[in-house]
Amino acid sequence: MKPVNIHEGIDNTLLILQYRLKAKPEGCAIQIIKQYTDLPLIECYAGQINQVFMNVLSNAIDALEQDRQSISEIYIPTITIRTTISEISGNIPSVVISIADNGPGISEQTINLIFDPFFTTKPVGKGTGLGLSISYQIIVDKHGGIFKCDARPGFGTEFWIEIPMQQQGYRGY
Ligand SMILES: Nc1ncnc2c1ncn2[C@@H]1O[C@H](COP(=O)(O)OP(=O)(O)OP(=O)(O)O)[C@@H](O)[C@H]1O
Ligand SMILES: [Mg+2]
């Protein structure tokens, strides 16, 4: 565990995914909107946190690609990444990273299953269904954080990643 610059982690992940954000014959480029707050360095497992960004951002891109067939002229597939500091009184302050897309959203029947290992709606050979269950373990079990999803069919999906700023005695095996 070491002090980590969260924004650097997100930006590096976006760089790796850049080829997937570009315009393709099937559809226009995916727009990225960043709303970053000044953040201190956060004590966490950098490699693992970056893996979470990779999983969540890849899912958002998958969702937006799926939607590209039904594109209208005014629709711009967009991923919005917002960072904030949450200071719930009495608790250790935490960092919140919200990653939202304006893709198809997730149906009510599916939303409760997305964190289950091996749950996937993607074609065989494309998804293993492990991305979100691994991410949940990393945020909740290893960092004592919160990982949740809010989605509305037809409007989009938001993932909420919350990590306490100090890992007070948290061993995180
Ligand atoms: N941003 C999103 N928009 C719509 N559905 C999503 C989004 N993120 C996740 N999902 C749904 O949650 C399911 C589980 O996601 P998860 O990342 O665990 O597995 P996967 O993406 O299917 O496969 P893997 O990540 O292992 O390659 C996805 O198959 C998809 O149905
Ligand atoms: Mg995935």
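Along every chain, residues carry numbers that run from 1 in the direction the sequence is written. Numbering of ligands from 1 and lettering of chains from A proceed in the order in which they are written. Given that the model is predicted, a residue must reach a pLDDT of at least 70 before its local features are reported, and side-chain atom pairs must reach 80 or more before they are shown or counted; all residues, however, enter totals for whole chains, interfaces and linings. Heavy atoms from the whole structure form the basis of all side-chain values; hydrogens and water molecules are not counted.

1. Focus: the packing of aromatic side chains
Thinking step 1. Stacked, edge-to-face and tilted are the three classes for Phe, Tyr and Trp ring pairs, Trp counted by its six-membered ring, which pair at centre distances within 6.5 Å; planes under 30 degrees apart are stacked, over 60 edge-to-face, the rest tilted. Enumeration according to the criterion identifies three aromatic pairs in this entry.
Thinking step 2. With a centroid separation of 5.5 Å and 45° between ring planes, the pair formed by F115 and Y136 is classed as tilted. Residue F115 is found in the loop between α4 (108–111) and α5 (131–142), and its partner Y136 is found in helix α5; the two are separated by 21 residues along the sequence.
Thinking step 3. To sort residues, take the accessible area from a 1.4 Å probe on protein chains only and compare it with the maximum for the residue type: under 20% means buried, over 50% means exposed, and anything in between is partly exposed. A relative accessible area of 22% means that F115 is categorised as partly exposed.
Thinking step 4. Residue Y136 is classed as partly exposed on the basis of its relative accessible area of 32%.
Thinking step 5. Relative to F159, the ring of F147 has its centre 5.9 Å away and its plane inclined at 25°; by these criteria the two rings are stacked. With a gap of 12 residues between them, F147 in strand β6 (residues 146–152) and F159 in strand β7 (residues 156–164) connect regions that are remote in the sequence.
Thinking step 6. Here F147 falls in the buried class, since its relative accessible area comes to 4%.
Thinking step 7. What links up through ring pairs into an aromatic cluster is the set F115, Y136, F147 and F159.
Thinking step 8. The rule for a charge over a ring is simple: NZ of Lys or CZ of Arg within 6 Å of the ring centre, and within 35 degrees of the ring normal. Positioned above the aromatic ring of F155, the side-chain terminus of R152 is 4.1 Å from the ring centre. Where helices and strands are cited, they refer to DSSP runs of H or I of at least four residues and of E of at least two residues respectively, numbered from the N terminus.

2. Comments concerning the side chain of H7
Thinking step 1. Here H7 shows up in helix α1 (residues 6–16).
Thinking step 2. Contacts were defined at the residue level, with two residues in contact if any of their heavy atoms lie within 4.5 Å. Not counting chain neighbours up to four residues away, the residues in contact with H7 comprise Y36, T37, L39 and T83.

3. Remarks on the packing of helix α3 (residues 46–66) against α5
Thinking step 1. Only C-alpha atoms enter the line fits that serve as axes; for helices the fit covers just the stretch in contact. Angles between N-to-C directions range over 0 to 180 degrees. Running from N to C, α3 and α5 cross one another at 140°; their axes reach a closest spacing of 9 Å. For the crossing formed where α3 meets α5, the hand is left-handed. Along its contact with α3, which presents Q48, I49, Q51, V52, N55, V56 and N59, the element α5 presents G131, L132, I134, S135, I138, I139 and K142. For any pair of crossing helices, the crossing counts as left-handed if the nearer helix is rotated counterclockwise from the farther one by less than a right angle, and right-handed if it is rotated clockwise.

4. Observations concerning the pattern of salt bridges
Thinking step 1. Salt bridge criterion: a side-chain nitrogen from Lys or Arg within 4 Å of a carboxyl oxygen from Asp or Glu. Inspection of the entire model under this criterion finds seven salt bridges.
Thinking step 2. Of the charged contacts in the structure, one is a salt bridge between R20 and D62, with a shortest N-O distance of 2.6 Å. Here R20 is found in helix α2 (residues 18–21), whereas its partner D62 is found in helix α3, with 42 residues between them in sequence. No difference in accessibility class separates R20 from D62, as the two residues are buried.
Thinking step 3. Connected through shared salt-bridge partners, R20, K24, D62, E65, K122 and K126 make up one network.

Purely geometric stuff here, so don't read any function into it on its own.
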